[in-house]
Amino acid sequence: MTAVLPRLLRALDRFHASHPWDHNAHYHRWIMRRLPGRFTSALDVGSGSGDLARLLASRAEEVHGIDADPAIVDRARERTTPGAPVTFSVGDALKDVPPGPYDVITCVATLHHLPLTDALTHFRRHLAPGGTLIVIGLYRPRSRSDHLIDAVAVPSNIAMAWFKNKGRRAPRPVAMTAPTRPATTPFPDIVREARRVLPGARLRRRLFWRYTLVWDQVLPPTWAESSTASSL
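A few points on the structure. On a predicted model such as this, the values are computed, not experimentally measured, just so you know. (Residues numbered from 1 in each chain as written. Predicted model: local features only at pLDDT ≥ 70, side-chain atom pairs only at ≥ 80, totals over all residues. Heavy atoms only, no water.)

Per the secondary structure count, the protein chain includes 8 helices and 7 strands. Out of the 232 residues in the protein chain, the part that is buried amounts to 45%. Partitioning the contacts of the protein chain with sequence separation of at least 6, the portion at a separation of at least 24 is 70%. As presented, the protein chain carries roughly 12600 Å² of accessible surface, and 57% of it is formed by carbon and sulfur atoms. (Helix = DSSP H or I, 4+ residues; strand = E, 2+ residues; numbered from the N terminus. Buried < 20%, exposed > 50% of the residue type's maximum accessible area, 1.4 Å probe, protein only. Contact = heavy atoms within 4.5 Å. Areas by Shrake-Rupley, 256 points an atom, 1.4 Å probe, with all protein chains shown as cover.)

In structure tokens form, the structure reads like this:
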């Protein structure tokens, strides 16, 4: 049995190398279903090749993507139609974000590259009253339930790879050429810190080694009252 497992893992690695698919893009439509039909501004942190930023631009007046990797930002600009309400910049997500506030902030597979508390606090400061923050993140498996979800994800991952590539070999998507880093923080620690910094944040473990975080910036009472009065 011990000799079979390494061979099986190597076979899986070869299969996924020849049938790659973007686990992060899998959640883009999930993100869009949780956002308003129209909004003014959006920030995509760790924007990579720009796929999500361009999708956000279908509803937003302006979208800005920021990423630390110059090469992937160049690819994002190349793949964006001239005149689209999307801009990209190279920079540190905690230092170089253009002034907001933003109605929507998204952060996909990037939070584990950043100091957790500092990043969540920074996002909160840049989010407009009534705005929405959505994170698709990675965590380090630790508990029995973590490993159970991982086990379920393995056959699902194979099926998705086969389905998305129509059973054929395929090159890696551009989005998957950006630098990666393994997650080091267990999910319970992320939940605890997220709910401390973002009261009411909703977090859930998902398939394909991801978790989701959704947080709505509550309108201050005076803001809500003035908005109600102006609509009367």
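The rest of the description comes next.
On to the sheet that holds strand S5 (residues 127–137). Strand order across the open sheet formed by 7 strands is S3-S2-S1-S4-S5-S7-S6, with mixed pairing between neighbours. Only two strands of the sheet have a single partner each, and these edge strands are strand S3 (86–90) and strand S6 (202–206). Strand-to-strand, the axes of this sheet are offset by a mean angle of 15°, without reference to chain direction. Of the strand pairs in this sheet, S6 and strand S7 (residues 210–216) are connected by 5 bridges, and their pairing is antiparallel. Residue Arg206 lies in a different strand from S7, and its bridge partner there is Arg210. Across the sheet, helix H5 (residues 116–126) is in contact with strand S1 (39–45), strand S4 (102–108), S5 and S7; its angle to S5 comes to roughly 145°. (Pairing = 2+ DSSP bridges. Axes fitted to C-alpha atoms, helices over the stretch in contact; angles between N-to-C directions.)

What follows covers the packing of H5 against helix H7 (residues 187–197). When two helices pack together, you describe them by how their axes are tilted relative to each other and by the distance separating the axes. One can describe the packing of H5 onto H7 by two numbers: an axis separation of 10 Å at closest approach and a directional angle of 35°. As for the relative orientation of H5 and H7, their crossing is right-handed in sense. Together, Leu116, Thr117, Leu120, Thr121 and Arg124 of H5 and Asp189, Ile190, Glu193, Ala194, Arg196 and Val197 of H7 make up the contact between the two elements. Residues of the contact of H5 with H7, tallied by class, amount to 5 nonpolar, 2 polar and 4 charged. (Left-handed = near helix turned anticlockwise from the far one by under 90°. Nonpolar A, V, L, I, M, F, W, Y, C, P; charged D, E, K, R; others polar.)

Next up on the list: the nonpolar core. Ranked by internal contacts, the top residues of the largest apolar core, which has 31 residues, are Trp30, Ile31, Leu35, Phe39, Leu56 and Val63. Elements with a contribution of two residues or more to this core: helix H2 (28–32), S1, helix H3 (51–56), strand S2 (60–67), helix H4 (70–78), S3, S4 and S5. Residues contacting Ile31, with those up to four places away along its chain left out, are Leu52, Thr106, Val108, Ile134 and Ile136. Of all hydrophobic cores here, the second largest spans 29 residues; its members include Val45, Ala119, Ala194 and Trp215. (Core = buried A, V, L, I, M, F, W, Y, C linked by side-chain atoms within 4.5 Å.)

When charged atoms on two side chains of opposite charge get close, those side chains can pair. With the rule as written, the count across this model stands at 8 salt bridges. A salt bridge links Asp74 to Arg77, with the nearest nitrogen and oxygen atoms 3.9 Å apart. Taken as a pair, Asp74 and Arg77 lie in helix H4 at a separation of 3 residues, close to a single helical turn. Residue class for Asp74 comes out partly exposed when judged on its relative accessible area of 40%. Measuring nitrogen to oxygen at the nearest pair gives 2.6 Å for the salt bridge that ties Arg196 to Glu193. (Salt bridge = Lys/Arg side-chain N within 4 Å of Asp/Glu carboxyl O.)

Right, let's talk about unusual backbone geometry for a bit. Most peptide bonds take the trans configuration, and most residues that are not glycine carry a negative phi. Cis geometry is found at the peptide bond from Gly100 to Pro101, where omega equals 0°. Looking at where Pro101 falls in the secondary structure, it is placed in the loop between S3 and S4. Although it is not a glycine, Phe208 sits at a positive phi angle of roughly 65°. Assignment of secondary structure puts Phe208 in the loop between S6 and S7. Even without glycine at this site, Trp209 takes up a positive phi of about 60°. Examined against the element boundaries, Trp209 turns out to sit in the loop between S6 and S7.

Tracing the backbone shows Phe187 in helix H7. Along the backbone, Phe187 and Leu138 are 49 residues apart, and their C-alpha atoms lie at a distance of 8.4 Å. Excluding residues that lie within four positions of it along the chain, Phe187 makes contacts with Tyr139, Arg140, Leu203, Arg204, Arg205 and Tyr211.

Mapping Ser18 onto the fold places it in helix H1 (residues 4–18). On a C-alpha basis, the gap between Ser18 and Arg172 in space is 8.2 Å, while along the polypeptide they are 154 residues apart. Apart from the residues lying within four places of it in its own chain, the contact partners of Ser18 are Arg168, Arg169 and Ala170.

What follows concerns H4. Among all positions of H4, only Ile72, Val73 and Ala76 are buried. Axial view of H4: buried residues confined to an arc of 105°, hence all on one face. Against H3, S2 and S3 lie the buried residues of H4. (Arc of directions from axis to C-beta.)

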